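# Results of the structural survey
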Amino acid sequence: AAAAVPAAVASAAAATRTAGTGAPIDRAVAILAAAAGRALTTRELTFAPYELYTERRKIAEAHLREELTRSTKRKFNARFDVLMAAKLKEMERIGEKDARVHEICVELKEPSAAYRPTLSELEDPERILHVTASELASKRWETAEDRAKREAAEALTAERAAAAEKDDASRRALKAMMHGTLERKRDDELAEALQRPAWMLAKPADEMSGDELTQVREFEVRLKKAEEEKEKLRRGLHSELLKLRTETADVCKAFNAKLAALALERLDFEQAVYEHELMAVKLAQSQVHARQAAEREVAMDAELERLHGRRGETAQAQASFAARVDKAREAYERAESENKLRANEKNFRHRDFADAPEFVDALWRLFRRRELLTVRADADDDAGADEHDHHNMFVSAANAQGPAVERTDLLTVRGVAAADPFLGADQRAIARKEEVVKLDAGEEMPEGMSFTLWDRLERLRADKIVKEEEVAERKQHLESMELYMYELEAEDEGVEHAIEALGYELDAFRESKDKAIWDVAVPLKLKQGQLEVEQAAVVTDFANALFVHRGAVQALNFEIKKLGGEKVQILQEVRDFRKGIAELVWDNERLAMEGDDLVERTREFQLLRVTKDLQKLMKGGGEERQSAEVTQLERKLDAMGQAHEQRVAERERQQAKMKRLKSEKDNELYRLHHQIDSLEATVSEREIIAHIQSSGSGDSSKNAGERVHHVHMQRKLKSLIQMQAQEIDLLREELDRLRKRTFPTFTHYEQARRQPVD
């Protein structure tokens, strides 16, 4: 079955190609599944990139890629629908928790800050089609029928509610006994339990008896217990509120984690979709290029066939016109030979004028003389005649060529003359004719010569001039025909070159077309950074890009690093060498400076005045003074060491004393905290008593406040006195320590030693 799958690909591709885009994939899948004997997936039907070298495979692969794109989108949409359903469930859970949060906030008399998630318009696109009551800016218009239905529905609802209230005994009992709710009103109960008797507010504490004071204490105990229970209830509600909010946050966090995971999956799905779409686009482009190449090949074949036909026509025209040119050349040569024969001097002397030898030299000169005279003729007539002669000449040549000229793209005979840009100038030049001046018998005839000889000379000379004009005309006619023959040859050569160039181009195009069949496009995934082609703003052209192997890049990098290391090593050697040169220069400078210093010292010693002290020093008195100074410095060092040890010991004693004081202060602070607790309890009891007596004994409460303030001030003064006494003791100890400092100092000696010597 696996071997039969590739064989069925061609038929599946043909079905895909003929069926269009409606249901080709299903038909192709059915054919291949029948060939394989099992159900096949679209992924299994795709070709490898190296197998896409036929048009049918490319068409089938393009449709399969489109199907893969749709299936990938369906998979992601399915996961999105699952997450959307999960979001709706989580919204229901959060809604339940928010309802409880609102109840707790109402019970605690705090502002409700519940989180209520909603769906956006993108998540619920159908919501755009629905209109809510809040979106209506004006009252909705009702017809009479709609108004009657609404009033009937309201009346029915009111009747049902009235019937339910009349017959519902449980609701009446709930309203009568539980105030319309099954929940316990702890605040109301506590308020009822904490109502004071009137006598507690009327009598002051000094006038109460022992039983009344006992009842007051019991009431205060119950009041305290109620407050504690109320506080406990409030703390429980706060903890429940915190728990609900934490659970809501956890639900949102868990859903956000799922959403983030789906967002990452979306990137993968989008990447797969883009890959399939890119492959489909590339395949479509290859098909377009193949069709364009086929059309171009057909056009080139047609052009080549047309050029071959044109080559045959030009060759036929050239052959027929060549015969005409040969005939014109023979006529010209014949006329030229006759003209030369007439211009022969020997014939002129011995045949034409043999009977007049005395005049033959003068007659020969007159026979050969040609004086030209320019005559202004009618330009239109002459130009028209010349054009008519020129046209007749080429028409005769065209008639000699036959009907093949009519099928060519060559210039017609009349078109050649009409396309000449210098035709007007030629016509104006032809309008000025040059004629040979006739002989004048009265002036030029030799003396003694008869008119018979003169008439013979004029006749022969006129025939010679006519023959010369005929030769010139035939020469001009031959040159025109040769020029036209050259144009025919150039046209034929141009057609031949065009055929050769088009043949080479067609061969190269077919060769490139054959190579393009096997030059398949292979998609490659590259990591970021491996693509070093400069990216364009819209589409990057990779026509000149090269795919370099990683080993080649690594080898090149290794070679670059090697050369760089060698260069760094050379630079280090250069640096060391220059450093050595700098050190030598520095040593030379140092030695030169030392030499100068020694010279200066020598000069100083030579010029120094020798005194008695200097003589003593020179004789050895300097060592004794140095030893005495060393002994004095050692004694000073010992004294400073002892003083330092004493200071360190004193600092250690002070530190130990401060630690003891700290521990004593900590203990005292601990005792004061306990005392504060007991005093606070006493104060709270007295405040309770004062609160009881607050209704009728304003002055006594004022005196009690003053007494409490007086006691507080006394305690603060006592603590301040104790602190000041401790500070006085510390100052006394510091004074005693300073008085005990009797060690010697050598500051004056140190200052004297640091002074400069004169």
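Just so we're clear, the structure is a prediction, and the values are computed from it rather than from any experiment.

### Section: the overall build of the protein chain
The secondary structure content of the protein chain amounts to 20 helices and 2 strands. Counting all 758 residues of the protein chain, 20% fall into the buried class. Put simply, 77% of the contacts in the protein chain that link residues at least 6 apart link residues at least 24 apart. As displayed, the protein chain offers around 57,500 Å² of accessible surface, 55% of which is attributable to carbon and sulfur atoms.

### With respect to the packing of helix α11 (residues 360–368) against helix α16 (residues 451–518)
For the pair α11 and α16, interaxial distance at closest approach is 10 Å and the crossing angle is 35°. α11 and α16 meet at a crossing whose hand is right-handed. Facing α11, whose interface residues are Leu363, Leu366 and Phe367, α16 presents Trp454, Leu457, Leu460, Arg461 and Lys464.

### So, the pattern of salt bridges
Scanning all chains against the criterion turns up 37 salt bridges. Between Glu265 and Arg79 there is a salt bridge, with the nearest N and O atoms lying 2.9 Å from each other. Within this pair, whereas Glu265 is found in helix α9 (residues 210–342), its partner Arg79 is found in helix α4 (residues 55–108), the two being separated by 186 residues in sequence. A residue is classified by how much of its surface remains accessible, and Arg79, at 41% relative accessible area, is partly exposed. Across the salt bridge formed by Arg235 and Glu231, the nearest N and O atoms sit 3.9 Å from each other. Of the two residues, Arg235 and Glu231 are both situated in helix α9; the distance of 4 residues between them amounts to about one turn of the helix.

### Some points on a nonpolar patch on the surface
On the surface, a cluster of nonpolar side chains totalling about 720 Å² of accessible area is made up of Tyr50, Val522, Leu524, Leu526, Leu531, Phe542 and Phe547. Relative to the helices and strands, Tyr50 is located in the loop between α3 (42–45) and α4. A relative accessible area of 61% means that Tyr50 is categorised as exposed.

### What about the packing of aromatic side chains?
In the structure shown here, the tally under the stated rule is 3 aromatic pairs. Ring centres of Phe76 and Phe269 lie 5.6 Å apart, and the angle between their planes is 55°; this geometry places the pair in the tilted category. Placement of Phe76 in helix α4 and of Phe269 in helix α9 is noted, with a sequence separation of 193 residues between them. Accessibility assignment for this pair places Phe76 and Phe269 in one class, buried.

### Observations regarding the confidence of the model for the protein chain
Of the residues in the protein chain, 74% reach a pLDDT of 70 or more, and the chain-wide mean stands at 76. This stretch, residues 179–186, has a pLDDT under 50; its non-local contacts, to residues over four places away or in other chains, come to 8 contacts. The low-confidence segment residues 379–417 (pLDDT under 50) makes 47 contacts with residues lying over four places distant or belonging to another chain.

### Side note on the environment of Glu110
For Glu110, the position within the fold is in the loop between α4 and α5 (144–167). Look past the residues within four positions of Glu110 in its chain and what remains in contact with it is Cys105, His238 and Leu241.

### Quick look at the environment of Pro117
Here Pro117 lies in the loop between α4 and α5. Sequence separation of Pro117 and Glu90 is 27 residues, and the distance between their C-alpha atoms is 9.5 Å. The contact partners of Pro117, leaving out residues within four places of it in the chain, are Met91, Ile94 and Asp98.

### Notes on the nonpolar core
Core analysis: the largest hydrophobic core is formed by 15 residues, its most contacted members being Phe348, Leu363, Met449, Trp454 and Leu457. Looking at this core, the elements that each hand over two or more residues are α11 and α16. For this core, the leading source of residues is α11, giving 5 residues. Leaving out residues up to four positions away in the same chain, Leu363 has contacts with Phe348, Phe353, Met449 and Leu457. Within the second largest apolar cluster, 11 residues are counted, among which are Phe321, Val325, Ala328 and Leu488.

### So, the side chain of Lys467
Inspection of the secondary structure puts Lys467 in helix α16. For Lys467, a relative accessible area of 11% gives the class buried. When residues no more than four places from it in sequence are discounted, the contact partners of Lys467 are Ala335, Glu338, Asn339 and Arg342.

### A short note on the packing of α9 against α16
Two measures define how a pair of helices packs: the angle their axes make with one another and the distance between the axes. Two numbers describe how α9 lies on α16: the axes approach to 7 Å, and their chain directions differ by 160°. On the basis of their axis angle, the class for α9 and α16 is roughly antiparallel. For the pair α9 and α16, the crossing hand works out as left-handed. Partitioned by chemical class, the residues of the contact of α9 with α16 number 26 nonpolar, 6 polar and 25 charged.

Calculation rules
Residues numbered from 1 in each chain as written. Predicted model: local features only at pLDDT ≥ 70, side-chain atom pairs only at ≥ 80, totals over all residues. Heavy atoms only, no water. Helix = DSSP H or I, 4+ residues; strand = E, 2+ residues; numbered from the N terminus. Buried < 20%, exposed > 50% of the residue type's maximum accessible area, 1.4 Å probe, protein only. Contact = heavy atoms within 4.5 Å. Areas by Shrake-Rupley, 256 points an atom, 1.4 Å probe, with all protein chains shown as cover. Axes fitted to C-alpha atoms, helices over the stretch in contact; angles between N-to-C directions. Left-handed = near helix turned anticlockwise from the far one by under 90°. Salt bridge = Lys/Arg side-chain N within 4 Å of Asp/Glu carboxyl O. Patch = residues over 30% accessible without salt bridge, like charges linked within 9 Å, V, L, I, M, F, W, Y side chains within 5 Å. Phe/Tyr/Trp six-rings, centres within 6.5 Å; stacked < 30°, edge-to-face > 60°. pLDDT = per-residue confidence, 0-100. Core = buried A, V, L, I, M, F, W, Y, C linked by side-chain atoms within 4.5 Å. Parallel < 35°, antiparallel > 145°, perpendicular 65-115°, else oblique. Nonpolar A, V, L, I, M, F, W, Y, C, P; charged D, E, K, R; others polar.

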